[in-house]
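So you can see what is in the structure, the chains are spelled out below.
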Amino acid sequence: MSDPINRRDWLLAEIRRTGGVWTVRRVEAVMHASPWPTSKRNTARKDLRALAARGALTAKDAPDTGRRSYTPKILNLRSAA
């Protein structure tokens with residue numbers, strides 16, 4: 001039996017699977033269909049921030065609105081050898 005996945009790992013897998021720009025609003029919408037459908041805006045904000053701190057996402061602030069969005073970092077799967 002596999003280990004249960006936690007919310008942030010599930011979200012990161014979803015972000016990597018679909019790609020693109022992620023905002024709190026987009027995370028909120030995706031979480032409605034997740035195993036954690038009661039997650040709200042503050043949880044989405046904290047999860048995005050934590051994933052960026054972990055190095056999995058890149059944060060970008062829009063200069064005109066100041067709103068923050070996130071994109072998945074590209075995995076480098078090349079071998080050093």
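Residues numbered from 1 in each chain as written. Predicted model: local features only at pLDDT ≥ 70, side-chain atom pairs only at ≥ 80, totals over all residues. Heavy atoms only, no water.

**Student:** Please provide a residue-by-residue account of helix 3 (residues 41-53), values included.
**Tutor:** Three or four residues apart is the spacing at which side chains of an α-helix point the same way, because the helix has 3.6 residues per turn. The end-to-end C-alpha distance of helix 3, which contains 13 residues, comes to 18 Å, matching closely the 18 Å that a straight helix rising 1.5 Å per residue would cover. Among all positions of helix 3, only Ala-44, Asp-47, Leu-48 and Leu-51 are buried. Projection of helix 3 onto a plane perpendicular to its axis shows the buried side chains occupying an angular sector of 95°, all on one side. Count one or two residues on from helix 3 and you reach Gly-55, which has phi positive near 95°. (Helix = DSSP H or I, 4+ residues; strand = E, 2+ residues; numbered from the N terminus. Expected span 1.5 Å × (residues − 1). Buried < 20%, exposed > 50% of the residue type's maximum accessible area, 1.4 Å probe, protein only. Arc of directions from axis to C-beta.)

**Student:** Pulling in residues and values, what's your account of the packing of helix 2 (residues 24-31) against helix 3?
**Tutor:** At their nearest, the axes of helix 2 and helix 3 sit 9 Å apart, and the two run at 110° to each other. Taken together, helix 2 and helix 3 sit at an angle that is classed as roughly perpendicular. Helix 3 is crossed by helix 2, and the crossing has right-handed handedness. Between helix 2, through Val-24, Arg-25, Val-27 and Glu-28, and helix 3, the contact on the second element is made entirely by Arg-41, Ala-44, Arg-45 and Leu-48. Classifying every residue of the contact of helix 2 with helix 3 gives 4 nonpolar, no polar and 4 charged. (Axes fitted to C-alpha atoms, helices over the stretch in contact; angles between N-to-C directions. Parallel < 35°, antiparallel > 145°, perpendicular 65-115°, else oblique. Left-handed = near helix turned anticlockwise from the far one by under 90°. Contact = heavy atoms within 4.5 Å. Nonpolar A, V, L, I, M, F, W, Y, C, P; charged D, E, K, R; others polar.)

**Student:** Kindly report on the nonpolar core, identifying the contributing residues and their values.
**Tutor:** Nonpolar side chains in soluble globular proteins generally cluster together in the buried interior. Residues Leu-11, Ile-15, Val-27, Leu-48, Leu-51 and Leu-57 are the most contacted members of the largest nonpolar core, which totals 15 residues. Excluding its chain neighbours within four sequence positions, the residues that come into contact with Leu-51 are Arg-8, Leu-11, Leu-12, Ile-15, Ala-56 and Leu-57. (Core = buried A, V, L, I, M, F, W, Y, C linked by side-chain atoms within 4.5 Å.)

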